[in-house]
Amino acid sequence: KKATTKAIRRGLNGAARSLEKSIKPYVPMLKKSTDFRQKGTIKNNVRHKTIVARDGLSGITKIRVMRTKGRRMARIGENTKDKSDPFYWWMVEYGTKKMEGRHYMEKGGQQGIARALKVAEDTFIEELKKISK
């Protein structure tokens, strides 16, 4: 159980890193930093979180825009002085009634899904081979 848990976690994390690399080129960026927003805020906060099931035989990885552990994003309309807070990522991704959505997560995900699955499978098999030796 412990060995398969480690192999699954490594496989999922490898796939998530691969998928993040395919998503990041599609993320829109500001041309330059302003007094209120740092250039590349959304791109720098595309992260993944992996959870392996208690039985150690399955898991899930979520790839989304989130801050580092313990830091929350501001709510919409909340006044923030933090230039690196990507609270507005949802509006850029899905749009508003005045702005069309960019759908960068979907575009990047579609481009990299096949490679990510291959990476997950290869990494999982390598880890199991290491354990069996």
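One structure accompanies this document, and this report is about it. Bear in mind that the values here come from a model prediction, so they are computed numbers and not experimental data.

Glancing now at the overall build of the protein. When you go through the protein residue by residue, the secondary structure sums to four helices and two strands. Across its three principal axes, the protein shows a C-alpha extent of roughly 55 × 30 × 25 Å. Taking the intrachain contacts of the protein between residues at least 6 apart in sequence as the baseline, contacts between residues at least 24 apart amount to 56%. Working note: accessible area of the protein is about 9400 Å², and carbon and sulfur atoms make up 54% of it.

Turning our eyes to something else, we now look at the side chain of Glu20. Mapped onto the elements of the fold, Glu20 is located in helix H1 (residues 2–23). Those residues within four positions of Glu20 in sequence are excluded, and the remaining contacts are Val46, Arg47, His48 and Ile63.

On to the nonpolar core. By size, the foremost hydrophobic cluster in this structure holds 17 residues, and its most contacted members are Ile23, Val27, Ile42, Val65, Trp89 and Tyr104. At four residues, the largest contribution of residues to this core is made by helix H4 (residues 104–132). Those residues in contact with Ile42, other than ones at most four positions away along the chain, are Val27, Val65, Pro86, Tyr88, Trp89, Val92 and Tyr104.

In this model, the largest pocket occupies a volume close to 270 Å³. Lining the largest pocket, in full, are Arg47, His48, Lys49, Met66, Arg67, Thr68, Lys69, Gly70, Arg71, Arg72 and Met73. Taken as a whole, the second largest pocket spans an internal volume of roughly 170 Å³. Along the walls of the second largest pocket sit Pro28, Met29, Leu30, Gln38, Gly40, Thr41, Ile42, Tyr88, Val92, Met99 and Arg102, which together make up its complete lining.

Turning our eyes to something else, we now look at the side chain of Glu93. Residue placement: Glu93 occurs in helix H3 (residues 89–94). Although Glu93 is buried, it forms no salt bridge, and the closest oppositely charged side chain is Lys107 at an N-O distance of 8.4 Å. In this structure, Glu93 is in contact with Gly101, Arg102, His103, Tyr104, Met105 and Glu106, ignoring residues within four places of it in sequence.

Calculation rules
- Residues numbered from 1 in each chain as written.
- Predicted model: local features only at pLDDT ≥ 70, side-chain atom pairs only at ≥ 80, totals over all residues.
- Heavy atoms only, no water.
- Helix = DSSP H or I, 4+ residues; strand = E, 2+ residues; numbered from the N terminus.
- Contact = heavy atoms within 4.5 Å.
- Areas by Shrake-Rupley, 256 points an atom, 1.4 Å probe, with all protein chains shown as cover.
- Core = buried A, V, L, I, M, F, W, Y, C linked by side-chain atoms within 4.5 Å.
- Buried < 20%, exposed > 50% of the residue type's maximum accessible area, 1.4 Å probe, protein only.
- 1 Å grid on protein atoms, 1.4 Å probe; cavity = no way out; pocket = protein on both sides within 12 Å on 5 of 7 lines; lining within 4 Å.
- Points joined across faces, edges and corners; volume = space filled by probe spheres on them.
- Lys, Arg positive; Asp, Glu negative; His and termini not counted.
- Salt bridge = Lys/Arg side-chain N within 4 Å of Asp/Glu carboxyl O.

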